[in-house]
Amino acid sequence: MSHLMYLASDSPLEEIENAHYQPRLLTVQEAAAAGIHLPDWLDSSAIDRDKPGTILWQEKDPFAEWQREENGADGFDNDYSILKLPDDIWEVQTEKKYRAEISWGRYSEGRARNIIAYIQKHLERAEELEIWSLWLGESCGRPRIRRERIAADALTPEKLKRLADAPCSGGLEYCREGLPQEVLQEMEEQCFESTQYCIVATR
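Residues numbered from 1 in each chain as written. Predicted model: local features only at pLDDT ≥ 70, side-chain atom pairs only at ≥ 80, totals over all residues. Heavy atoms only, no water.

## Section: the overall build of the protein chain
Which entries qualify depends on this criterion: Only runs of H or I of at least four residues qualify as helices and only runs of E of at least two qualify as strands under DSSP, and these elements are numbered from the N terminus. Exposed residues in this analysis have more than 50% of their type's maximum accessible area, buried residues have under 20%, and partly exposed residues fall in between, with area computed by a 1.4 Å probe over protein chains only. The contact rule is simple, with two residues in contact once any of their heavy atoms fall within 4.5 Å. For the accessible areas, the method is Shrake-Rupley and the probe is 1.4 Å, while residue cover comes only from the protein chains on display.
When you go through the protein chain residue by residue, the secondary structure sums to five helices and eight strands. Secondary structure elements in the protein chain, listed N-terminal to C-terminal, are β-β-α-β-α-β-β-α-β-β-α-α-β. With 203 residues in all, the protein chain has 41% of them scored as buried. Contacts spanning at least 24 positions in sequence make up 80% of the contacts within the protein chain whose residues lie at least 6 apart. A total accessible area of about 12100 Å² is found for the protein chain, and carbon and sulfur atoms account for 48% of it.

## Observations concerning the nonpolar core
Here is the rule: Take the buried Ala, Val, Leu, Ile, Met, Phe, Trp, Tyr and Cys residues and link them wherever side-chain atoms come within 4.5 Å; each set so joined is a nonpolar core.
Counting residues in each nonpolar core, the largest one holds 26 residues, and the members touching the most others are Met 5, Leu 7, Trp 104, Ile 119, Ile 131, Leu 155 and Leu 160. Looking at this core, the elements that each hand over two or more residues are β1 (2–9), β5 (98–103), α3 (109–122), β6 (128–136), α4 (157–169) and β8 (195–202). The dominant element in this core, judged by the number of residues it contributes, is α3, at five residues. The contacts of Ile 131, once residues within four sequence positions are left out, are Met 5, Tyr 6, Leu 7, Ile 119, Leu 155, Leu 160, Leu 163, Tyr 197, Cys 198 and Ile 199.

## Focus: the sheet that holds β1
Filter applied, for reference: In this description, strands pair whenever DSSP reports at least two bridges between them. Lines fitted to C-alpha atoms define the axes here, with helix axes fitted over just the stretch in contact, and angles between the N-to-C directions of these axes take values from 0 to 180 degrees.
Read from one edge of the open sheet, six strands run β4-β5-β1-β6-β8-β7, paired in mixed fashion. The strands lining the two open edges of the sheet, one partner per strand, are β4 (81–84) and β7 (144–151). For this sheet, the mean inter-axis angle between neighbouring strands, taken without regard to orientation, is 25°. As paired strands, β1 and β5 are joined by four bridges and run antiparallel to one another. What sits directly across from Tyr 6, in β5, is Glu 101.

## Re the side chain of His 122
Examined against the element boundaries, His 122 turns out to sit in helix α3. Aside from chain neighbours lying at most four places away, what touches His 122 is Ser 9, Ser 11, Pro 12, Leu 13 and Leu 129.

## Here we look at the pattern of salt bridges
Basically, it comes down to this: Should a side-chain nitrogen of Lys or Arg be within 4 Å of a carboxyl oxygen of Asp or Glu, the pair is scored as a salt bridge.
Counted under the stated rule, the structure contains nine salt bridges. Residues Lys 96 and Asp 10 are paired through a salt bridge, measuring 3.0 Å at the closest nitrogen-oxygen approach. A residue pair is termed long-range when its members are at least 10 positions apart, and Lys 96 in the loop between β4 and β5 and Asp 10 in the loop between β1 and β2 (24–26) qualify at 86 residues.

## What to know about the environment of Asn 114
How we decide: A 3.5 Å cut-off defines polar contacts: any pair of N or O atoms within that distance qualifies, except that in protein one atom must be a possible hydrogen donor and the other a possible acceptor, and neighbouring residues in sequence count only when both atoms are side-chain atoms.
Note on placement: Asn 114 falls in helix α3. Through-space distance from the C-alpha of Asn 114 to that of Asp 77 is 7.3 Å; in sequence the pair is 37 residues apart. Leave out the neighbours within four places in its chain, and Asn 114 touches Asp 77, Asn 78 and Tyr 80. From its side chain, Asn 114 meets the backbone oxygen of Asp 77 in a polar contact 2.9 Å long.

## Side note on α3
As a reminder, the rule being used: One less than the residue count of a helix, multiplied by 1.5 Å, gives the span that helix is expected to have.
Taking 1.5 Å of rise per residue, 14 residues should cover 20 Å, and α3 covers 20 Å from first to last C-alpha, within 8% of that figure. Within the sequence span of α3, burial applies to Gly 110, Arg 111, Ala 112, Ile 115, Ile 116, Tyr 118, Ile 119 and His 122.

## Some remarks on the packing of aromatic side chains
Stated formally: When two rings of Phe, Tyr or Trp (its six-membered ring) have centres within 6.5 Å they constitute a pair, described as stacked for plane angles under 30 degrees, edge-to-face for angles over 60, and tilted for the intermediate range.
Applying the stated criterion across every chain, the model contains two aromatic pairs. Ring centres 5.8 Å apart and planes at 0° place the aromatic pair Tyr 6 and Trp 132 in the stacked group. Highlighted residues: Tyr 6 in strand β1 and Trp 132 in strand β6, separated in sequence by 126 residues. With respect to burial, Tyr 6 and Trp 132 carry one shared label: buried. Where Trp 104 meets Tyr 107, the ring centres are 5.9 Å apart and the plane angle is 90°; that geometry is what we call edge-to-face. According to the relative accessible area criterion, Trp 104 is buried, its value standing at 8%.

## Some words on the confidence of the model for the protein chain
For the record, the criterion: On a scale of 0 to 100, pLDDT captures the predictor's confidence in every residue.
Chain-level statistics for the protein chain give a pLDDT mean of 80 and a share of 72% at 70 or above. At the low end of the mean pLDDT range in the protein chain sits helix α2 (residues 62–70), at 52; at the high end sits β5, at 96.

## As for the side chain of Glu 130
Secondary-structure assignment places Glu 130 in strand β6. You can call Glu 130 buried: its relative accessible area is 7%. A distance of 2.8 Å separates the side chain of Glu 130 from the side chain of Trp 132, its partner in a polar contact. Beyond its immediate stretch of four places on either side in the chain, Glu 130 contacts Tyr 6, Leu 7, Ala 8, Thr 94, Lys 96, Arg 147, Cys 198, Ile 199 and Val 200.

Laid out in structure tokens, this is it:
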């Protein structure tokens, strides 16, 4: 079971890649020119320094960033992505054609403000945009849907945080994380009516 937060619209949704999780494939020569520290064994005549894809490089260290957040820091404000949602997720209840998943790890006010800016920009060419929050794999029946309509300028970081947290505090009234294995197994054997939460942001 995992949490899903996604946007839905009748207009195409611009995709945003996470700037901190974009590995690059480099030649040894390109890596050296970029000042990347390379192991000594790559400095060998047996290595083709111009062979594509020899070095897999990621500019930011996600583990180091995770440690920063665990120690109370908010992390990078642009540490999020908005990418096309796969079509095979049966729990998706929107009737809108275009869907994109918000992946932002844990909440921070900076990331929330950036996502709100994205939503407000999208609403310059769309009448409304849905923001959904739900748990995948939580129920075997049609979920209840709690919907709220608000103007885009009334959308705040706190409201976005409450939406992200809602499936954990509503519906079954608890998070499953940390529950004993036998309790989790018993829950899997039962059929629950889950709740999905949706904010409809309008112009």
